[in-house]
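# Analysis of the macromolecular model
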Amino acid sequence: GIIILLASTFAGVYFLRMNQVFRIGANPTFTPKDIRISNLSDTSATISWITEGIATNFINWGETQGSLTKIEKESNTDQKFFTHSITLTGLKENTTYYYKINSEGSNYDNNGLPWQFTTGSRVFVNQTSNPISGSVITASGEPVKRALVYVTVDGYILSTLTSDSGNFILQLGSARSSDLGSLAQINKAKTLLNVSVQTENGGSASAQIFPQSANPIPPLIIGQVQDYRS
């Protein structure tokens, strides 16, 4: 009877600890959501996502699925954020890379496999400045800092984060064709830009606009869908 009692006690403690570990590792608050690849070129790529809770994140990455030995931190001081964006640089052209996201100490992948992306060919970069700029605000007019801003041009995605004052700027001249083999052909009066915003706590905004009116874009208001094509 004493042996059975002791065995039951140890088993209970063990499974309780295992359950706690599982709950910490699978905490949905820190699970990366809406993971996107943007600013993809022959030498760099931006990976962005959001978490429900404020978390320290970094990326393990490499050229093979089984050797993700490189680490890219979001913050050298391990700051915690809701919106996350990490740019990998020094990449090789026409090369597939693999990565996992570490969020608040737990690794996350694509159902047991690393996520992946493939860089494009080397192309001549247009030095002509073609900026897209704007700001993100709440319905009451307050600036939204560190909001993820995406601009989609014929399937290619540009991204950036807003500053502490809620402002952002992107270079449309770096946008590429859908196959990444050339720069995108931009007609300032006809090429449609789809702009979307993500903030902490699930806030969002979107707008459609032509490049000739996108510097600056009228303020993007959280909770609103705006059409500036006219």
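Criteria and thresholds
Residues numbered from 1 in each chain as written. Predicted model: local features only at pLDDT ≥ 70, side-chain atom pairs only at ≥ 80, totals over all residues. Heavy atoms only, no water. Helix = DSSP H or I, 4+ residues; strand = E, 2+ residues; numbered from the N terminus. Buried < 20%, exposed > 50% of the residue type's maximum accessible area, 1.4 Å probe, protein only. Contact = heavy atoms within 4.5 Å. Pairing = 2+ DSSP bridges. Axes fitted to C-alpha atoms, helices over the stretch in contact; angles between N-to-C directions. Salt bridge = Lys/Arg side-chain N within 4 Å of Asp/Glu carboxyl O. Phe/Tyr/Trp six-rings, centres within 6.5 Å; stacked < 30°, edge-to-face > 60°. Lys NZ or Arg CZ within 6 Å of the ring centre and 35° of its normal. pLDDT = per-residue confidence, 0-100.

### Comments concerning the overall build of the chain
The helix and strand inventory of the chain stands at 1 helix and 16 strands. Counting over 230 residues, the chain shows a buried share of 40%. Contacts in the chain between residues far apart in sequence, at least 24 positions, make up 56% of those at least 6 positions apart.

### Comments concerning the sheet that holds strand 2 (residues 45-55)
The strand order across the open sheet built from 3 strands is 1-2-5, with neighbouring strands paired in antiparallel fashion. The outermost strands of the open sheet, each flanked by one partner alone, are strand 1 (33-38) and strand 5 (81-88). Strand-to-strand twist of the sheet, defined as the mean angle between neighbouring strand axes without regard to direction, takes the value 20°.

### Digging into the pattern of salt bridges
Two side chains carrying opposite charge are able to pair once their charged atoms lie near each other. Taken as a whole and assessed by the stated rule, the structure comprises 11 salt bridges. Between R146 and E74 there is a salt bridge, and its shortest N-O distance comes to 2.7 Å. You can see R146 sitting in the loop between strand 9 (131-137) and strand 10 (148-153) and its partner E74 sitting in the loop between strand 4 (70-73) and strand 5, a full 72 residues away along the chain. Across the salt bridge formed by K80 and E104, the nearest N and O atoms sit 2.6 Å from each other.

### So, unusual backbone geometry
Following N215, the chain continues into P216 via a peptide bond in cis, with omega recorded as 5°. Inspection of the secondary structure puts P216 in the loop between strand 14 (204-209) and strand 15 (220-221). Of note, N94 is a non-glycine position whose phi angle comes to about 50°, a positive value. Tracing the backbone shows N94 in the loop between strand 5 and strand 6 (96-103). For N201, which is not glycine, the phi dihedral falls at a positive 65°. You can see N201 is positioned in the loop between strand 13 (193-198) and strand 14. Judged by relative accessible area, N201 falls into the exposed class, the value being 66%.

### Overview of the pairing of strand 13
Residues in a regular strand point their side chains to alternate faces of the sheet. Bridge count between strand 10 and strand 13: 5 bridges; the pairing is antiparallel. Considered in strand 13, the bridge of V151 is made with V195. As paired elements, strand 13 and strand 14 share 6 bridges and run antiparallel to each other. Each bridged residue has a counterpart across the sheet, and for S196 the counterpart in strand 14 is S206.

### Comments concerning the sheet that holds strand 14
Taken in spatial order, the 5 strands line up as 11-10-13-14-16 in an open sheet, and their pairing is mixed. Edge positions in the sheet fall to strand 11 (156-161) and strand 16 (225-227), since each of these pairs with one other strand and no more. The mean angle between the axes of side-by-side strands here comes to 15°, regardless of whether they run parallel or antiparallel.

### Notes on the packing of aromatic side chains
Tallied over the entire structure, the rule returns 4 aromatic pairs. Between W61 and Y97, the aromatic rings sit 5.8 Å apart at their centres with planes inclined by 55°, giving tilted as the arrangement. Placement of the pair is W61 in strand 3 (residues 57-62) and Y97 in strand 6, with a sequence separation of 36 residues. What makes W61 buried here is its relative accessible area of 7%. The class of Y97 is buried, set by a relative accessible area of 2%. Note on Y99 and F117: the rings are 6.2 Å apart at their centroids and 50° apart in plane angle, and the pair reads as tilted. Highlighted residues: Y99 in strand 6 and F117 in strand 8 (residues 115-118), separated in sequence by 18 residues. Overall, the relative accessible area of 2% leaves Y99 in the buried class. Three or more aromatic residues joined by ring pairs make a cluster, and in this case those are W61, Y97, Y99, W115 and F117. The ring of F81 carries the charged tip of R146 above its face, separated from the ring centre by 3.5 Å.

### Focus: the confidence of the model for the chain
Confidence in the prediction of the chain, expressed as mean pLDDT, is 90, and 88% of residues score 70 or more. A low-confidence stretch, residues 13-25 (pLDDT under 50), is modelled with 3 contacts involving residues beyond four sequence positions or located in other chains.

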